[in-house]
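# Fold and geometry: a report
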Amino acid sequence: SQKIEQNSEALNIQEGKTATLTCNYTNYSPAYLQWYRQDPGRGPVFLLLIRENEKEKRKERLKVTFDTTLKQSLFHITASQPADSATYLCALDEAPGGTYKYIFGTGTRLKVLA
Amino acid sequence: DAGITQSPRYKITETGRQVTLMCHQTWSHSYMFWYRQDLGHGLRLIYYSAAADITDKGEVPDGYVVSRSKTENFPLTLESATRSQTSVYFCASSGSVDPGVTQYFGPGTRLLVL
């Protein structure tokens, strides 16, 4: 079965630097991969989606890459700010070919230091 | 625009009691989901629904019951609560049958079973 691996250790970076978070999967390449942000005590909020045939997707200071050879997605936040501190979750579709059901990683906690 | 709401936000109950968690969305989304989030496990799908009166099991359905008589509501019932069901429960909805569509999450219900 598909498994998602995200670094469970918190990532601390200085304000203004680029944060890079990793999402690895173990089995089939998903048709879709999503990144969510979750703040303490709140539900996840969608950030970006990248499709299997896309190498890179950008939205403002956010960038997602997708490497099906490495079975990996990288999530970058450039010019990071303390307000970017949160847990970031990776999610991918549950079955090959794409479905409306997703499985989620455990998330990586990011702390941006002022 | 209320979006997606959950009630109660916090609940303490005792082992063996029946508990119902409510979820309501105002977008008329077809798909709705229930997840539980536990430390070390990330979000795990309990049940989902593709439309009114259509529900199906997710990864961890045992001990839970759902119904969906109206598109906007998707209650989750713990028939006889157990301590292992202590968790944070999130409801989510999605508006399209197309894969790759984002999910919108509610604020969560924190449930403690004593």
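Scope of this entry: the structure provided in the associated data block. For clarity, every value in this text was computed on a predicted model and none was experimentally measured.

## Quick look at the pattern of salt bridges
Residue and element names in this part refer to chain A.
- One pass over the structure, following the stated rule, counts seven salt bridges over all chains.
- Residue Asp 39 pairs with Arg 37 through a salt bridge whose shortest N-O separation is 3.0 Å.
- Overall, the relative accessible area of 19% leaves Arg 37 in the buried class.
- The salt bridge involving Arg 58 is made with Glu 56; its shortest N-O contact spans 2.8 Å.
- When its relative accessible area of 39% is taken as the criterion, Glu 56 is described as partly exposed.

## Quick word on the interface of chain B and chain A
- Each side of the interface is counted separately: chain B has 22 residues, and chain A has 19 residues.
- Buried surface at the junction of chain B and chain A, summed over both partners, amounts to about 1,700 Å²; 57% is from carbon and sulfur atoms.
- At the junction of chain B with chain A, the criterion picks out zero salt bridges.
- Elements with a minimum of two residues in the side of chain B that touches chain A: β4 (31–38) and β5 (42–51) of chain B.
- Top contributing element to the side of chain B that touches chain A by residue count: β5 of chain B, with five residues.
- Classifying every residue of the side of chain B that touches chain A gives twelve nonpolar, eight polar and two charged.

## Things to note about the packing of aromatic side chains
- Evaluation of the coordinates by the stated rule reveals 13 aromatic pairs over all chains.
- Aromatic pair Trp 27 of chain B and Tyr 104 of chain B: ring centres 5.1 Å apart, planes at 50°, arrangement tilted. Taken together, the residues Trp 27 of chain B in the loop between β3 (19–25) and β4 and Tyr 104 of chain B in strand β10 (residues 104–105) connect sequence positions 77 residues apart.
- A relative accessible area of 40% means that Tyr 104 of chain B is categorised as partly exposed.
- The interplanar angle of 65° and the centroid separation of 5.9 Å between the aromatic rings of Tyr 64 of chain B and Tyr 89 of chain B together place this pair among those described as edge-to-face. Highlighted residues: Tyr 64 of chain B in strand β7 (residues 64–66) and Tyr 89 of chain B in strand β9 (residues 87–94), separated in sequence by 25 residues.
- Three or more aromatic residues link up through ring pairs in this structure, and these residues are Tyr 36, Phe 46 and Phe 104 of chain A together with Phe 33, Tyr 35, Phe 90 and Phe 105 of chain B.

## Focus on the state of the cysteines
All names here are of chain A.
- With the rule as written, the count across this model stands at two disulfides over all chains.
- What pairs with Cys 23 in a disulfide is Cys 90, and their sulfur atoms sit 1.9 Å apart. Its S-S torsion of approximately -55° makes the covalent link between Cys 23 and Cys 90 left-handed. One end of the pair, Cys 23, is in strand β3 (residues 19–25); the other, Cys 90, is in strand β9 (residues 86–93), with 67 residues separating them in the sequence.

## As for the environment of Arg 110 of chain B
- Relative to the assigned elements, Arg 110 of chain B resides in strand β11 (residues 109–113).
- Given the relative accessible area of 40%, Arg 110 of chain B is considered partly exposed.
- For Arg 110 of chain B and Ser 87 of chain B, which are 23 residues apart along the polypeptide, the C-alpha to C-alpha distance reads 6.2 Å.
- When residues no more than four places from it in sequence are discounted, the contact partners of Arg 110 of chain B are Gly 41 of chain A together with Arg 9, Tyr 10, Lys 11, Ser 87 and Val 88 of chain B.

## Here's the deal with the nonpolar core
Residues and elements named next belong to chain A.
- Among the nonpolar cores identified, the biggest contains 23 residues, and Leu 33, Trp 35, Phe 75, Ile 77, Tyr 88 and Leu 110 are the most heavily contacted of them.
- Listing elements by their share of this core, those giving two or more residues are β3, β4 (32–38), β5 (45–51), β7 (62–67), β8 (72–77), β9 and β11 (108–113).
- The contacts of Phe 75, once residues within four sequence positions are left out, are Ala 19, Thr 20, Leu 21, Trp 35, Leu 47, Leu 62, Lys 63, Val 64 and Tyr 88.

Scoring rules and cut-offs
Residues numbered from 1 in each chain as written. Chains lettered and ligands numbered in written order. Predicted model: local features only at pLDDT ≥ 70, side-chain atom pairs only at ≥ 80, totals over all residues. Heavy atoms only, no water. Salt bridge = Lys/Arg side-chain N within 4 Å of Asp/Glu carboxyl O. Buried < 20%, exposed > 50% of the residue type's maximum accessible area, 1.4 Å probe, protein only. Contact = heavy atoms within 4.5 Å. Buried area = accessible area lost by both parts, 1.4 Å probe. Helix = DSSP H or I, 4+ residues; strand = E, 2+ residues; numbered from the N terminus. Nonpolar A, V, L, I, M, F, W, Y, C, P; charged D, E, K, R; others polar. Phe/Tyr/Trp six-rings, centres within 6.5 Å; stacked < 30°, edge-to-face > 60°. Disulfide = S-S within 2.5 Å. Core = buried A, V, L, I, M, F, W, Y, C linked by side-chain atoms within 4.5 Å.

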